[in-house]
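# Geometric and topological summary
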Amino acid sequence: MAEPSKGHDKLMIGQSPTGIYIAHAILILGVIVVAFPIYYTFVASTHSLQTILRPPLPLLPGDRFIENYSEALFGGVGRIGGVPVWTLLFNTTVVALGIAIGKIIISILSAYAIVFFRFPLRMTFFWIIFITLMLPVEVRILPTYKVMVDLGLIDTYAGLIVPLIASATATLLFRQFFLTIPGELVEAARVDGAGPFRFFKDILLPLSRTNIAALFVILFIYGWTQYLWPLLVTNDNQMNTIVIALKKMVSFADADTEWHLVMVTAMLAIVPPILVVVLMQRWFVRGLVDTEK
Amino acid sequence: MTPRVVFPNKILPYLLVAPQLAITLVFFYWPASQALYQSMLREDPFGLKSKFVWFDNFKKVLADPNYINSIHVTAIFSIATALLSMVVALILAVMADKVVRSRNLYRTLLIWPYAVAPAIAGMLWLFLFNPSIGSLAYALRWMGIPWDPLLKGDQAMVLVVMAAAWKQISYNFLFFVAGLQAIPKTLIEAAAIDGAREFKRFWTIVFPLLAPTTFFLLVVNTVYAFFDTFGIIHAVTGGGPGKATETLVYKVYNDGFVNLILGDSAAQSVILMVIVIALTAVQFRYVERKVHYG
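It should be emphasised that the depicted structure is a prediction, and the values quoted were computed from it without experimental measurement. (Residues numbered from 1 in each chain as written. Chains lettered and ligands numbered in written order. Predicted model: local features only at pLDDT ≥ 70, side-chain atom pairs only at ≥ 80, totals over all residues. Heavy atoms only, no water.)

### Let's talk about the overall build of chain A
Counting its secondary structure elements, chain A contains 15 helices and zero strands. Computed over the C-alpha atoms, the radius of gyration of chain A is 24 Å, more than 25% above the 19 Å expected from 2.2 N^0.38 for a compact globule of 293 residues. In terms of principal-axis extent, the alpha carbons of chain A reach across some 75 × 65 × 35 Å. Burial analysis of chain A (293 residues in total) assigns 54% to the buried set. Considering only contacts within chain A whose residues lie at least 6 apart along the sequence, 70% involve residues at least 24 apart. When the accessible area of chain A is evaluated, it comes to approximately 12,600 Å², of which 68% is carbon and sulfur surface. If you average the places of the 20 positive and of the 18 negative side-chain charges in chain A, the two averages end up 8 Å apart. (Helix = DSSP H or I, 4+ residues; strand = E, 2+ residues; numbered from the N terminus. Rg over C-alpha atoms; globule rule 2.2 N^0.38 Å. Buried < 20%, exposed > 50% of the residue type's maximum accessible area, 1.4 Å probe, protein only. Contact = heavy atoms within 4.5 Å. Areas by Shrake-Rupley, 256 points an atom, 1.4 Å probe, with all protein chains shown as cover. Lys, Arg positive; Asp, Glu negative; His and termini not counted. Charge placed at Lys NZ, Arg CZ, Asp CG, Glu CD.)

Take a look at the structure:
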């Protein structure tokens, strides 16, 4: 899909104009189905609580946009477990950035060591990192929780971030990319007197820019959408990410749920990662395809 | 691998791998080994003493009807989620491959769900379909369908499958589009000249050539349905009603973290570990086939 989308649909042999119209129709239908839950959340976030409580909800946005958003952002303190929405957004941003940047740094360093140095146990280390793919949080919930308690990491940013930044995928990706860098480049750098630091900073990092950007988008989304881990390692509402806080706000059995504010919070939780994906689309698609190789 | 030009430093490489290694050892290997060890221990009811029982916990877990139920639930949930999201994504990708106009616009609009956290995806669908205030639930009842996913197990399953599949459509769509683009158009045009109609061209040429992508996505979607959908289950149904949507991962969390049945939970963790190892092995065994034509 790299080519520009301008111009008319060109027919291939065996294609009919009717077929193209049907294709557009199916795609539009698909877009409606895919976008509807998000659109409807936005619609709900602009209506009053009374309107939401009496289904069906109108298909068009209401007139409470400013009231609802300002109440959630500036007046709603004490409603979301006593924590302002800003704190939740701040926590989530810290976690998402921390995880993305942390993973990139430690992975690029280990890949650098594994590709550009020769040392005893090199391949052992590589396999140790690789095998973590097979040990997701879900298979070691309790013992990992115990480690977190012992290290005093419950309810800390470090606890939310550090255990998640080991990354076999990112390490593999950087390793694969480094292997394509010709030896002559390293040789030339060494002849010119560049040590490993200079080489890393002046040659390897600039060459890895697109890989880093692609990986960053994927990992930012990964960090932003974390659920099980923050659920385990936070007790204090002050340390909640926005996803966890949203879950705590919602009760479908309880008549007291303030749906209009829930919907605003949901929008605030959804929009930042969507913007990242849409605005950095080129790197996102690349990152997605690369990380699965 | 050809011998590479390398730097001669002796200590530096160890420093470079140290951070990643430290994290994997402290937060991955140590807890995983503890899970293995605990899976063979049984605590007395007061949690004071524990006894080494070899594989008794495994026998107990595998004989537990609730666990068997959870295996069924996970199988149905995973197959339904993978199939639904792959079929929808494939249809959309085939259509997107045909059109030139607005192609990028369609893609931009179809990738949104990827950025939505699973738990939030679940909540959005529950908002639409919950019996008291859901607008689509209202529509279903208006059509005479007795809809109540909070009380009816099969409907709860339908709801979590829809939410889980919806979130995965973006991912599958992008990979199917990439797979379709790798198929030479001349091949399809040749078949058209030979008189093969559109459906026939799809089934006899396009679909078989897409097989590597499809297989790869099948594995990825299974892994997704097993592990990444915890948020959906936790936020939407909590495993209920009854135990109708209690997947294996949710059960491990619930037994271990909520009900504190340590030995059982550890044994379940180890069983899950075996499943992940198998899935990863399959993924890497066949990963080359995926890029056959690329």
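Text resumes after the structure shown.
### Quick look at the overall build of chain B
Secondary structure assignment for chain B yields 13 helices and two strands. In terms of overall dimensions, chain B has C-alpha extents of about 75 × 75 × 30 Å along its principal axes. Sorting the 294 residues of chain B into buried and exposed places 56% on the buried side. Long-range contacts, defined here as pairs at least 24 residues apart, represent 67% of the contacts in chain B between residues at least 6 apart. Total accessible area computed for chain B in this model is approximately 12,900 Å², and 70% of it derives from carbon and sulfur atoms. Across chain B, 23 positive and 15 negative side-chain charges occur, with their mean positions spaced 8 Å apart.

### Digging into the UniProt feature "domain: ABC transmembrane type-1" (unreviewed entry) in chain B
Taking the UniProt record as the reference, the feature "domain: ABC transmembrane type-1" (unreviewed entry) is found at residues 71–283 of chain B. For residues 71–283 of chain B, the end-to-end C-alpha separation is 21 Å, with 77% helix and 0% strand making up the annotated structure. (UniProt positions renumbered as here; feature names shortened; annotations may be inferred.)

### Some words on the pattern of salt bridges
When the charged atoms of two side chains lie near each other, side chains of opposite charge can form a pair. On inspection of all chains with the given rule, the structure shows eight salt bridges over all chains. Put simply, A:Asp202 and A:Arg198 hold a salt bridge, and the shortest N to O gap is 2.6 Å. Placement of the pair is A:Asp202 and A:Arg198 together in helix H10 (residues 196–207), with a separation of four residues, close to one helical turn. Classification of A:Asp202 as partly exposed rests on a relative accessible area of 37%. Of the charged contacts, one joins B:Glu246 and B:Lys243 as a salt bridge, the two residues approaching to 3.8 Å between their closest N and O atoms. Relative accessible area serves as the criterion here: at 2%, B:Glu246 is assigned to the buried category. The exposure class assigned to B:Lys243 is partly exposed, which follows from its relative accessible area of 35%. One continuous salt-bridge network, built from bridges that share partners, spans A:Arg198, A:Lys201 and A:Asp202. (Salt bridge = Lys/Arg side-chain N within 4 Å of Asp/Glu carboxyl O.)

### Regarding the packing of aromatic side chains
In total, this model carries 42 aromatic pairs over all chains according to the counting rule given. Three or more aromatic residues link up through ring pairs in this structure, and these residues are A:Tyr112, A:Phe116, A:Phe117, A:Phe174, A:Phe177, A:Phe178, A:Phe199, A:Phe200 and B:Phe7. Here A:Arg140 stacks its cationic end above the ring of B:Phe28, 4.1 Å away from the centre of that ring. Above the plane of the ring of A:Trp283 lies A:Arg282, whose end atom (NZ or CZ) is 4.6 Å from the centre. (Phe/Tyr/Trp six-rings, centres within 6.5 Å; stacked < 30°, edge-to-face > 60°. Lys NZ or Arg CZ within 6 Å of the ring centre and 35° of its normal.)

### Considering the layout of surface pockets
Of the volumes computed, that of the largest pocket is approximately 600 Å³. Looking at the largest pocket, it is lined by 21 residues, and the ones nearest its centre are B:Val94, B:Met95, B:Lys98, B:Glu198 and B:Phe202. Those elements that place two or more of their residues in the lining of the largest pocket are helix H1 (17–44) of chain A together with helix H3 (65–98), helix H8 (185–193) and helix H9 (198–228) of chain B. Of the residues contributing to the lining of the largest pocket, the split by class is 14 nonpolar, two polar and five charged. (1 Å grid on protein atoms, 1.4 Å probe; cavity = no way out; pocket = protein on both sides within 12 Å on 5 of 7 lines; lining within 4 Å. Points joined across faces, edges and corners; volume = space filled by probe spheres on them. Nonpolar A, V, L, I, M, F, W, Y, C, P; charged D, E, K, R; others polar.)

### Remarks on the side chain of B:Lys167
Residue and element names in this part refer to chain B. Here lysine 167 shows up in helix H7 (residues 153–181). Buried lysine 167, no salt bridge; nearest opposite-charge side chain is aspartate 228, N-O distance 8.1 Å. Excluding its chain neighbours within four sequence positions, the residues that come into contact with lysine 167 are Pro113, Tyr114, Val116, Ala117, Pro118, Ala121 and Tyr224.

### Thoughts on the interface of chain A and chain B
The partner chain B presents 105 residues to the 117 residues of chain A that form the contact. With both chains or domains summed, chain A and chain B bury close to 10,600 Å², and 76% of this area falls on carbon and sulfur atoms. Counting the contacts that link chain A with chain B gives zero salt bridges. Scanning the region where chain A abuts chain B turns up 14 residue pairs in polar contact (both at pLDDT 80 or more). The residue inventory of the side of chain A that touches chain B, partitioned by class, reads 85 nonpolar, 19 polar and 13 charged. (Buried area = accessible area lost by both parts, 1.4 Å probe. Polar contact = N/O pair within 3.5 Å; in protein donor to acceptor, adjacent residues only side chain to side chain.)

### Remarks on the packing of helix H11 (residues 209–224) of chain A against helix H14 (residues 259–279) of chain A
The packing of two helices is summarised by the inter-axis angle and the distance between the axes. All names here are of chain A. At a closest axis distance of 10 Å, the pairing of H11 and H14 adopts a crossing angle of 170 degrees. Between H11 and H14, the angle falls in the class roughly antiparallel. Only Leu268, Ala269, Pro272, Pro273, Val276 and Val277 of H14 make contact with H11, whose side of the interface consists of Val217, Phe220, Ile221 and Trp224. Its residues placed into classes, the contact of H11 with H14 shows ten nonpolar, no polar and no charged. (Axes fitted to C-alpha atoms, helices over the stretch in contact; angles between N-to-C directions. Parallel < 35°, antiparallel > 145°, perpendicular 65-115°, else oblique.)

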